[in-house]
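# Close look at the chain arrangement
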Amino acid sequence: MKKWLLHGMVCLMLAACSKSELTVYNDNPRMYFSIASLTYSFATKPSKLEKDTIAFRLNYSGMTLKSPLAARISVVKEKSTAVQGTDYELLNNYAMPAGKFFDSLRLVVKRTPGIAVTPVTLVVRLEETESYKAGLNTNGKEITFTISNILVKPDSWESYLVPYFGAYSKTKYRFIIDTLNISDFPWEMTRNGQLLYLKTKLALALAAYEKANGPLVDPETGNTVFFPA
């Protein structure tokens, strides 16, 4: 009796495994985006940077690919304000490489005068093909890119950056970014003396600028930019 019972349980387990394997085998391949939105700002980049390339992740679900699987990407024009060729370049020939289940796609974004006042948005959609289904349930079919060049005062400025950099202004912050090539100053920098070093470096750079161009004046406030002694 026990022998027959054990045999029956093994048969049921094998049947369940076979059914599970068959289900996985019959699943339609899918591709989908990892996130629904991505914001890019030129404001924290060097002023000379005219365009940049950003990456966004595409995922694949299905049997292991033996050859690249082409992905069809389109622009949702009714939801987008960005202009092809002016604000961005959507690269062609997107594909999931063989043997991979995710990869990074690329989008070229451009620094235009308009985004210093109003950000632009680009919505791209992953279209279905005969080779795959698009999205994961109701998600992952579209991604919205917001492209801007609006400089925003860091939250950390008033809390611990004032003793090193002085009063905030957009012109000063832009000078800092262009001089140091960084825009973020974690609190840990106050403990290892790094902010003191950066303050000295900025003061020397400002002195060199003033020698060549005269005082650096913030047009919004009319005040001359300086760093605390």
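Residues numbered from 1 in each chain as written. Predicted model: local features only at pLDDT ≥ 70, side-chain atom pairs only at ≥ 80, totals over all residues. Heavy atoms only, no water.

## Quick notes on unusual backbone geometry
Excluding glycine, residues mostly carry a negative phi; peptide bonds, for their part, are mostly trans. Under the convention used in this document: The helix count covers DSSP runs of H or I at least four residues long, the strand count covers runs of E at least two residues long, and both are numbered beginning at the N terminus. For every residue, the accessible area (1.4 Å probe, protein chains only) is compared with the maximum for its type, and the residue is labelled buried under 20%, exposed over 50%, or partly exposed between those bounds.
Of note in this structure, Asn137 is not a glycine but carries a positive phi near 60°. Inspection of the secondary structure puts Asn137 in the loop between β10 (133-134) and β11 (142-148). Classification of Asn137 by relative accessible area gives exposed; the value is 69%. Located in the positive-phi region is Asn181, a residue other than glycine, with phi close to 60°. Mapped onto the fold, Asn181 is located in the loop between α3 (170-180) and α4 (194-213).

## Section: α4
Quick reminder: α-helices carry 3.6 residues per turn. Residues three or four places apart thus point the same way. Which entries qualify depends on this criterion: Given the number of residues in a helix, its expected span is that number minus one, multiplied by 1.5 Å. Whether two residues touch is decided by their heavy atoms; if any such pair falls within 4.5 Å, the residues are in contact.
A rise of 1.5 Å per residue sets the reference length of α4, with its 20 residues, at 28 Å; its end C-alpha atoms lie 28 Å apart and thus fit the reference within 8%. In this structure, the buried residues of α4 make contact with α2 (156-165) and α3. A positive phi of about 90° marks Gly214, the residue just after α4.

## A look at the sheet that holds strand β9 (residues 120-127)
For clarity, the threshold we go by: One bridge is not enough; two strands pair if DSSP finds at least two bridges between them. Axes, fitted as lines to C-alpha atoms, cover a helix only where it is in contact. Angles between the N-to-C directions of the axes lie from 0 to 180 degrees.
An order of β2-β11-β9-β5 is seen for the four strands of this open sheet, with the pairing classed as mixed. At either margin of the open sheet sits one strand with a lone partner, and together these are β2 (37-41) and β5 (72-75). Between one strand axis and the next, the sheet turns through 25° on average, direction left out of account. Note: β9 against β11, six bridges, orientation antiparallel. The residue bridging Val123 from the neighbouring strand is Thr144, located in β11.

## Structural notes on the nonpolar core
Basically, it comes down to this: By nonpolar core we mean a set of buried residues, namely Ala, Val, Leu, Ile, Met, Phe, Trp, Tyr and Cys, connected to one another through side-chain atoms within 4.5 Å.
If you look at the biggest cluster of nonpolar residues, it comprises 30 residues, and the most contacted ones within it are Met31, Leu107 and Leu126. Of all elements in the fold, only β1 (30-33), β3 (51-61), β6 (88-90), β8 (102-110), β9 and β11 reach the threshold of two or more residues within this core. Beyond its immediate sequence surroundings of up to four residues, Leu126 is in contact with Met31, Tyr32, Phe33, Leu58, Ala71, Arg72, Ile73, Tyr132, Ala134, Gly140 and Lys141. Ranked by size, the runner-up nonpolar core spans 21 residues in total, among them Ala43, Leu216, Val225 and Phe227.

## Some thoughts on the side chain of Ser80
We count it as follows: Think of a polar contact as two N or O atoms within 3.5 Å of one another; within protein, one of them needs to be a possible hydrogen donor and the other a possible acceptor, and neighboring residues in sequence only count if both atoms come from side chains.
With respect to the helices, strands and loops of the structure, Ser80 is situated in the loop between β5 and β6. You can call Ser80 buried: its relative accessible area is 15%. A polar contact of 2.9 Å, which involves the side chain of Ser80, links it to the backbone nitrogen of Val123. When sequence neighbours within four positions are dropped, the list of residues in contact with Ser80 reads Val75, Thr121, Leu122 and Val123.

## Quick look at the packing of aromatic side chains
What counts is decided by this rule: Here is the rule: rings of Phe, Tyr and Trp (six-membered ring for Trp) pair when centre to centre is within 6.5 Å. Planes less than 30 degrees apart are stacked, more than 60 are edge-to-face, and the remainder are tilted. In this analysis the charged atom, NZ for Lys or CZ for Arg, is taken to sit over a ring once it is within 6 Å of the ring centre and within 35 degrees of the ring normal.
Summed over all chains, the structure comprises 13 aromatic pairs. A ring pair is formed by Tyr40 and Phe42, whose centres lie 4.9 Å apart and whose planes are at 80°; its orientation type is edge-to-face. Across this residue pair, the class does not change: Tyr40 and Phe42 are buried. Taking 5.1 Å as the distance between ring centres and 75° as the angle between the ring planes, the aromatic pair formed by Phe56 and Phe145 counts as edge-to-face. Linking Phe56 in strand β3 with Phe145 in strand β11, this pair joins segments that are 89 residues apart in sequence. Accessibility classification places Phe56 together with Phe145 in one group, the buried group. We note Arg57 situated over the ring of Phe102; from NZ or CZ to the ring centre the distance is 3.9 Å. The ring of Phe226 has Lys172 sitting right over it, with the charged end atom 5.4 Å from the ring centre.

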